[in-house]
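Results of the structural survey
This is what each chain is made of:
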Amino acid sequence: MALPDSITTCLSQPVHYAICKLGFEKKDTYDINNILSGSGEVCWQAVTEHVCYLESDQGVDYIKSIRSLGPVCESVNSYFKSLTKEQFVIQYASWFHWTNCTEVFLEVFDVLQYTQTTEVALSLMKLTSCLERALGDVYLLKGNDCPFLLRDLLASEQLADVFGQAVMNVLRVFIGSPHGLNLRNVLWHGFASPQEIPAKYCAMLLFLSAGLGQLLQTYLLQTKSVLVHRPYVIFTSLEELDAFPGKYLTTRKFLLSYLNNEILSIAEELVKLSSFVLKIMLPFWIAALTAFKQSRYADSVILLLPQLEVGLRLLFTATNKCPNRLLTAESSALYTTFDEMLAKHLDNEEVNQLPVVLEEPAMESILKDFLWDFLNHQEGPRIRDRLSHGEINLETFPREVANQIVGFAITILCRFSDEDMFSLKENMVIKPLMNCASCYQSRFHPVSRLKKQVLECMKSIHLWPELPTLPEEQVQKIKGLEGNAEANTLILMISEIISQLQHYMPQNYCSSDDSISSVLTERLLVELCDARICTLYSPRPVLEVVVLLRKISAQCHQVSQQVTAGAGLRYTQWVNKTLRSRQRHNYRRMLNSIKFLSPVLQLILLLTTLELVNVHSVCKKNPFDYQQYLKFLKSVLQYTENLVTYTSPEKNKWDETMELTKKTLIKIRKISDRKLMLMHLAT
């Protein structure tokens, strides 16, 4: 593994030249008045004249353009330094309103006055994030489905129609194109150290952002259009994001106070000594911890995420023996990013060796499960994507989220620190954090979401006994049910199936008492869901099964919600005597149906959970058994979908519900006898 102190840059030679030298080769002094009108507006024609084009295909010549724009950027930087904050606000603040985050751009001006390299880099990351979001809003004036990648957004016809192609080419010299400076990507992916980002490029992007605001105002007036800003992503259910629950950090409130100045001071010592941290990146780490102390939570996370990526890239390139990939790739190749570092295989189909360096399974779990949860899984917070693409309001970024990233970073620093740091690792405030990290399980993998769905549905069904209902004597005998004989038959079938399933349940749930109420308990499902299921690198067959199980669970939950709402409404109408004769008759049928529908849904949830626990086993069976199993699951899904229809307020088809349930239970019992269900395949 390369020693962090021996690495002086993570920029490849061509990229380092483009960012650090190319724009400084022309020593001309550029007159700011050439690109600035008397009223402070950007003279775009004068700016676009500095973009050079290739003779071959008229594409942008990025090398010549960067060289030509270098003195212009220097002039803009000097100009901004000559202004007071009041002058800047008066002249430019209104031109940033189109971004919907004016304060961020005004803060960039403050940073430029002092040229602190770390703060300049942070300002550029925030500026490009907000600028991309605003440009996406403009794109939606003329198109649908805003491109996800900045390079595609800047190359779109929609933005060229609004701002002009020449203007968009200027932007692409600085951001969005891998052939240009590509400032956004080299910063957000952790390739650039603080001292490698010239402040003048930050100043130029601030200047261009104001100029875009001027052009947009003209366009909106001419077309009589209104720019609508997409709402920010809001993190809900913050307790789900707590990576450190359990016996050590039992509540979110405790965690909020846990990352205090004492542990952050220890973290600052770890940063200086950990082999995970490149010396050239040390200022970013210190700034991130400082920002957290100052309650600047978005800044802290923005600074930390690229450093976690570059630290992992250091491990990845060392263990997979590809040290050249520590550097930025050229425009013809891909960067080594989180996605590849967390993958099972490399792009050459060889096995990723990163887990080898982790040694302890617990460390592998926190590293990969946590990162997949917080960065990649579609139902997770996807913090890096949403921050870097401007989808989150930086001013209201929640401390709860920052806690998790900082806490994770500290555990990584500890893992990759020298043995002589033993005293710090065993510190009474660090050790509980490490212990909790070792217990981490995925929260946002589809398997984990299925577990959550099952338990929520079971809770919903267990509330049915509390529903208001009629006294038994008022539920008159209904023709066709013959004293509820059909319902009793269904319940008997459920009991028989449960009896068979007991062989596949935890030992303490196997008893001679086969009654439904004694087996179909919430506690049983909780225990089954507590079983650890491998979520890393789930093969496609496993994910196919999980998708079906999630659909089944979701349909069951919808049925439960419809029954709950319908029973409450009908009872109120019964009491108020507002039901017609037919409705009263249908209400009685509903009450009879609930008696068997509750155990049916609970049985399906039990089947779902047992199948989930053994999901990896079934997917290893021969293709015929697997396809038969999928066919069975799809039939159960069809049944639950029909239940949703029959139990809806619009249908209320309770006789059909009973008949459909009878057919489905017969099928489940037959399949169980033939041992085609997952738990049978697993034996």
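Named according to an unreviewed UniProt entry, the chain is EMARD protein originating from Dicaeum eximium.

For the rest of this paragraph, the subject is the overall build of the chain. The helix and strand inventory of the chain stands at 32 helices and 0 strands. Taking as baseline every contact in the chain between residues at least 6 positions apart, the subset at least 24 positions apart corresponds to 75%. Roughly 29900 Å² of accessible area belongs to the chain as shown, and the carbon and sulfur atoms make up 51% of that amount.

Following the sequence through the fold, E486 ends up in helix α24 (residues 485-501). Classification of E486 by relative accessible area gives partly exposed; the value is 30%. It is 9.6 Å that separates the C-alpha atoms of E486 and F596, two residues lying 110 residues apart in sequence.

By the definition in use, this model includes 19 aromatic pairs. Aromatic side chains F370 and F374 sit 4.3 Å apart centroid to centroid with 15° between the ring planes, which places their arrangement in the stacked category. You can see F370 and its partner F374 sitting in helix α18 (residues 361-376), 4 residues apart, about one turn around the helix. A centroid spacing of 5.8 Å and a plane angle of 55° characterise the contact between W574 and Y587, whose relative ring orientation is tilted. Of the two residues, W574 is situated in helix α27 (residues 540-575) and Y587 in helix α28 (residues 581-613); the sequence distance between them amounts to 13 residues. By the burial criterion, W574 is buried, and Y587 matches it. Feature note: the residues Y79, F80, F88, Y92, F96, F105, F109 and F207 constitute an aromatic cluster, connected by ring pairs. Across the ring face of F416, the terminal group of R415 is positioned such that the distance to the ring centre comes to 4.6 Å.

Here we come to the pattern of salt bridges. If you walk through the whole model with that rule in mind, you get 22 salt bridges. Between D299 and K126 there is a salt bridge; the shortest N-O distance is 2.9 Å. Of this pair, D299 sits in helix α15 (residues 297-319) while K126 sits in helix α6 (residues 117-139); the two residues are 173 residues apart in sequence, bridging distant segments of the chain. An identical accessibility class is assigned to D299 and K126; each is buried. R296 is the salt-bridge partner of D299, the closest N and O atoms lying 3.0 Å from each other. Assessed through its relative accessible area of 10%, D299 is described here as buried. Shared partners join several salt bridges into a network, and the residues in it are E107, K126, R296 and D299.

So, about the environment of P468. Relative to the helices and strands, P468 resides in the loop between α23 (446-461) and α24. Residue class for P468 comes out partly exposed when judged on its relative accessible area of 34%. Separated by 99 residues in the primary sequence, P468 and A567 place their C-alpha atoms 7.3 Å from one another. Once residues lying within four places of it in the same chain are set aside, the contact partners of P468 are A567, G568, Y571 and Y587.

For residues that are not glycine, phi is negative in most cases, and the peptide bond is trans in most cases. One non-glycine residue, N100, lies in positive phi territory at about 65°. Its location among the elements puts N100 in the loop between α4 (85-92) and α5 (102-112). Its relative accessible area of 37% is what places N100 among the partly exposed residues. Positive phi is not limited to glycine here, since K577 has a value of about 55°. Examined against the element boundaries, K577 turns out to sit in the loop between α27 and α28. Judged by its relative accessible area of 75%, K577 falls in the exposed class.

All right, on to α6 then. Look at α6: 32 Å from first C-alpha to last across 23 residues, which is about the 33 Å you get at 1.5 Å a residue. For α6, the tally of buried residues reaches 21 of 23 residues, placing the bulk of the element in the interior.

What counts, and where the lines are drawn
- Residues numbered from 1 in each chain as written.
- Predicted model: local features only at pLDDT ≥ 70, side-chain atom pairs only at ≥ 80, totals over all residues.
- Heavy atoms only, no water.
- Helix = DSSP H or I, 4+ residues; strand = E, 2+ residues; numbered from the N terminus.
- Contact = heavy atoms within 4.5 Å.
- Areas by Shrake-Rupley, 256 points an atom, 1.4 Å probe, with all protein chains shown as cover.
- Buried < 20%, exposed > 50% of the residue type's maximum accessible area, 1.4 Å probe, protein only.
- Phe/Tyr/Trp six-rings, centres within 6.5 Å; stacked < 30°, edge-to-face > 60°.
- Lys NZ or Arg CZ within 6 Å of the ring centre and 35° of its normal.
- Salt bridge = Lys/Arg side-chain N within 4 Å of Asp/Glu carboxyl O.
- Expected span 1.5 Å × (residues − 1).

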